[in-house]
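As a plain string of letters, each chain reads:
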Amino acid sequence: MIASTLPETWMARALKLAERGRYTTDPNPRVGCVLVKDERVVGEGWHERAGEPHAEIHALRAAGESTRGATAYVTLEPCAHQGRTGPCALALVEAGVASVVVAMQDPNPQVAGRGIALLRDAGLEVTVGVLEDEALALNPGFVMRMSHGRPFVRLKMAMSLDGRTAMSSGESQWITGPQARREVQRLRARASAILTGVESIIFDNARLTVRAEQLALPDGETIAARQPLRVVVDSRLRLPQAAACLRESGRTLVATLAEHDVERRERLAEAGAEVVTMPAGHDGRVDLDALLKHLAEAEQANEVLLETGATLAGAMLEANLIDEMQLFVAPTLLGGEARPLFALPGLSLMAQQKGLEILDIRAVGQDWRITARPRRHTVAES
């Protein structure tokens, strides 16, 4: 393969390779590597799944003896510590690579510049920051977990054109069409965990699983074999023992408060749930920030997909715990009695409205998908 000698060209190729691990690398970051020598790609690879060789190792194996004198383009700083695999920075040095171009420094405290220092100490020329923004966008959850101790939270909601998510009875299937539901399956597949409120389970009996047949991807069966952790916020332990999510493959975590009786916990455990105790927030319910930190620390969750109703969605928004919104809008009307998108009590003035930054709007079949992120202040402060 021959291409432009611009570093951005080779790094763009490495980022494209890294994207192939979107659904499979969790809890590790998505990483790609391209080895270039005499303006030709001599080896390339990407990290495919946790516990297996990193991107650099795949690229070195593909290049063989051609690694000597080559330049490595890596989307994330090569690791310098021994984990489930060996340190990639040392492997690059031993393979005779002459220089390394890195998109971004690894936010993992175990790495955090050590890989770059190891390469430079060995005499390699190292450049950092090529297509850094694109590399950051590739791993929002890993960066959030390593930098802030919580996962990246992506809210998914489907609504009618008049901003309603379900009828007053709770009936909500289906507002959007099959193409939008396919995109939701892909959002689930990339997530470490799917977070919902107990009322969503009571009303919809949602399974919260990745279904291979709905992904419409060539390797759908392999992707669906890793089911995201299901997390139900259930302050009063109302989750039915017969809930469908408890019978699906994978794990279901129920986050509740300390005061609930042992017998009810035991019944849920027998039904397949893992019950964890969380502290109470100011509203007397599960502290959502504490729950996210638990998911980051105990479960190594990078990305959390929030699929829930208006109450929990509103609470997460109020607590500034939503990083991105994926809002699917269907060309239909449900009327004023139907359920709203967010429950946001206390808003009585225009100055209190919650501002959003629209990142993207595109058609998905007959529906529209709006990608947005909350502004961290009110419109009046803009």
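Every value quoted in this text rests on a predicted model; they were computed, and no experiment measured them. (Residues numbered from 1 in each chain as written. Predicted model: local features only at pLDDT ≥ 70, side-chain atom pairs only at ≥ 80, totals over all residues. Heavy atoms only, no water.)

A. Structural detail: the overall build of the protein. A tally of regular secondary structure across the protein gives 13 helices and 16 strands. Considered along the principal axes of its C-alpha atoms, the protein spans approximately 70 × 45 × 45 Å. The buried share of the protein, reckoned over its 382 residues, is 50%. A fraction of 69% describes how many contacts in the protein between residues 6 or more apart in sequence connect residues 24 or more apart. Of the roughly 17500 Å² of accessible surface on the protein, 49% is carried by carbon and sulfur atoms. (Helix = DSSP H or I, 4+ residues; strand = E, 2+ residues; numbered from the N terminus. Buried < 20%, exposed > 50% of the residue type's maximum accessible area, 1.4 Å probe, protein only. Contact = heavy atoms within 4.5 Å. Areas by Shrake-Rupley, 256 points an atom, 1.4 Å probe, with all protein chains shown as cover.)

B. Broad picture of the domain arrangement of the protein. Taken domain by domain, the protein consists of domain 1 (7-139) and domain 2 (149-374). Summarising the inter-unit geometry, the C-alpha centres of domain 1 and domain 2 are found 34 Å apart. Each side of the interface is counted separately: domain 1 has eight residues, and domain 2 has 11 residues. In total, domain 1 and domain 2 occlude about 870 Å² of area from one another, counting both sides; carbon and sulfur atoms represent 46% of this. When residues of domain 1 are sorted by the area they lose upon contact with domain 2, Tyr23, Asp26 and Pro27 head the list and together hold 67% of the total. Between the two partners, domain 1 and domain 2, sit two salt bridges. When the shortest N-O distance is used, the salt bridge between glutamate 303 and arginine 30 registers 3.0 Å. Counting every contact that joins domain 1 to domain 2 gives three residue pairs in polar contact (both at pLDDT 80 or more). (Domains from an automatic or database assignment. Buried area = accessible area lost by both parts, 1.4 Å probe. Salt bridge = Lys/Arg side-chain N within 4 Å of Asp/Glu carboxyl O. Polar contact = N/O pair within 3.5 Å; in protein donor to acceptor, adjacent residues only side chain to side chain.)

C. Up close: the UniProt feature "active site" (unreviewed entry) in the protein. Mapped onto this numbering, the UniProt entry gives "active site" (unreviewed entry) at Glu56. Within the secondary structure, glutamate 56 sits in helix H2 (residues 55-63). Judged by its relative accessible area of 3%, glutamate 56 is buried. Setting aside its immediate chain neighbours within four residues, glutamate 56 contacts Cys33, Val74, Leu76, Pro78, Cys88 and Leu92. (UniProt positions renumbered as here; feature names shortened; annotations may be inferred.)

D. Here's a closer look at the UniProt feature "binding site: Zn(2+)" (unreviewed entry) in the protein. Here the UniProt-annotated "binding site: Zn(2+)" (unreviewed entry) positions come out as His54, Cys79 and Cys88. The annotated residues occupy 35 residues of the chain but converge on a single region, no pair of C-alpha atoms lying more than 9.3 Å apart. Locating cysteine 88 in the fold gives a position in helix H3 (residues 88-94). In this structure, cysteine 88 is in contact with His54, Glu56, Ile57, Pro78 and Cys79, ignoring residues within four places of it in sequence.

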